[in-house]
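Chains, contacts and geometry: an overview
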Amino acid sequence: AQSVSQHNHHVILSEAASLELGCNYSYGGTVNLFWYVQYPGQHLQLLLKYFSGDPLVKGIKGFEAEFIKSKFSFNLRKPSVQWSDTAEYFCAPSYSGGYQKVTFGIGTKLQVIP
Amino acid sequence: EAGVVQSPRYKIIEKKQPVAFWCNPISGHNTLYWYLQNLGQGPELLIRYENEEAVDDSQLPKDRFSAERLKGVDSTLKIQPAELGDSAVYLCASSPSRWGASGANVLTFGAGSRLTVL
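Quick look at the structure, then. (Residues numbered from 1 in each chain as written. Chains lettered and ligands numbered in written order. Predicted model: local features only at pLDDT ≥ 70, side-chain atom pairs only at ≥ 80, totals over all residues. Heavy atoms only, no water.)

**Focus on the sheet that holds strand β11 (residues 108-113) of chain A**
Residues and elements named next belong to chain A. Overall, mixed pairing links the five strands, which are arranged β2-β11-β10-β5-β6 in an open sheet. Taken across any chain shown, the strands that pair with only one partner, and hence form the sheet edges, are β2 (10-14) and β6 (44-50). Averaged over neighbouring strand pairs, the angle between their axes works out to 25° when direction is ignored. By the bridge criterion, eight bridges tie strand β5 (residues 31-38) to strand β10 (residues 87-95) in an arrangement that is antiparallel. Opposite Trp 35, over in β10, you have Cys 91 as the bridge partner. (Pairing = 2+ DSSP bridges. Helix = DSSP H or I, 4+ residues; strand = E, 2+ residues; numbered from the N terminus. Axes fitted to C-alpha atoms, helices over the stretch in contact; angles between N-to-C directions.)

Next up, the structure:
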């Protein structure tokens, strides 16, 4: 069965610290990969996406993610976090087979301390 | 452009009562999703529509849950009767196209409908 794993459920960082959130998926076929973010009191929204091409993709607010096919990973990074990055982050692969389902990870709550 | 609109935002009911949630997707988005999100969890797909056809309802508990998207635009999700364990946020999302096309599987979410069953 297709699945997604996010390794860090709750992360607390000070402002200006670097961030890396892990995401692994289990599927050997073609995938589209997404990170979604939910800021406090707001809707889930797209942070960045990977369809094909350059495995390093950039999203909004200085976030980036790297697709490493051999490791089935799509880790999210930001060199220097800000207090406004406090949010919940969801990795969401979409698989080409079957019903092209978008599957969400459990989420990582990021708390940035000023 | 209006986003995905959901109503009601909040609903409190007693167990065994029925409840319905409504969703209006972004204009032109053929694909509509209903997700369930429990506290501390990621969204879990209940049903996905391509236009008016339910193409994936494998996770929908069909004994008590039903959904419809009659004209391929707005959609309704119903629970009858509701149980205590149904307390959660019900999310609607839409996307413009299917796999392989630009924008495929890029979901735009609504604000969600928070259900509390007492």
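Further notes follow.
**Digging into the pattern of salt bridges**
Where charged atoms from two side chains of opposite charge approach closely, those side chains can pair. By the definition in use, this model includes eight salt bridges over all chains. Among the salt bridges present, the one from Lys 78 of chain A reaches Asp 85 of chain A, with a minimum N-O distance of 2.8 Å. For the residue pair Lys 78 of chain A and Asp 85 of chain A, the accessibility class agrees, reading buried in each case. Asp 86 of chain B is paired through a salt bridge with Arg 64 of chain B; the nearest N and O atoms lie 2.6 Å apart. Here the residue Asp 86 of chain B occupies a position in the loop between β8 (75-79) and β9 (88-95), and Arg 64 of chain B occupies one in the loop between β6 (53-56) and β7 (65-68), the gap between them amounting to 22 residues. Asp 86 of chain B gets classed as buried once you look at its relative accessible area, which sits at 5%. (Salt bridge = Lys/Arg side-chain N within 4 Å of Asp/Glu carboxyl O. Buried < 20%, exposed > 50% of the residue type's maximum accessible area, 1.4 Å probe, protein only.)

**Considerations on the side chain of Lys 78 of chain A**
Residue and element names in this part refer to chain A. Mapped onto the fold, Lys 78 is located in strand β9 (residues 73-78). The class of Lys 78 is buried, set by a relative accessible area of 6%. Discounting chain neighbours no more than four positions away, the residues touching Lys 78 are Ala 17, Ser 18, Leu 19, Lys 61, Gly 62, Phe 63 and Asp 85. (Contact = heavy atoms within 4.5 Å.)

**Overview of the nonpolar core**
Here is a general trend for soluble globular proteins: nonpolar side chains tend to be buried in one another's company. Judged by nonpolar contacts, the single largest core of 29 residues is most densely connected at Trp 35, Leu 48, Phe 74, Leu 76 and Tyr 89 of chain A. Aside from chain neighbours lying at most four places away, what touches Tyr 89 of chain A is Gln 6, Leu 21, Trp 35, Tyr 36, Val 37, Tyr 39, Leu 47, Phe 63, Leu 76, Gly 107, Thr 108 and Leu 110 of chain A. The next biggest cluster of nonpolar side chains, apart from the first, holds 22 residues, and it includes Val 4, Trp 34, Phe 65 and Ala 82 of chain B. (Core = buried A, V, L, I, M, F, W, Y, C linked by side-chain atoms within 4.5 Å.)

Nothing here speaks to function; it is all geometry.
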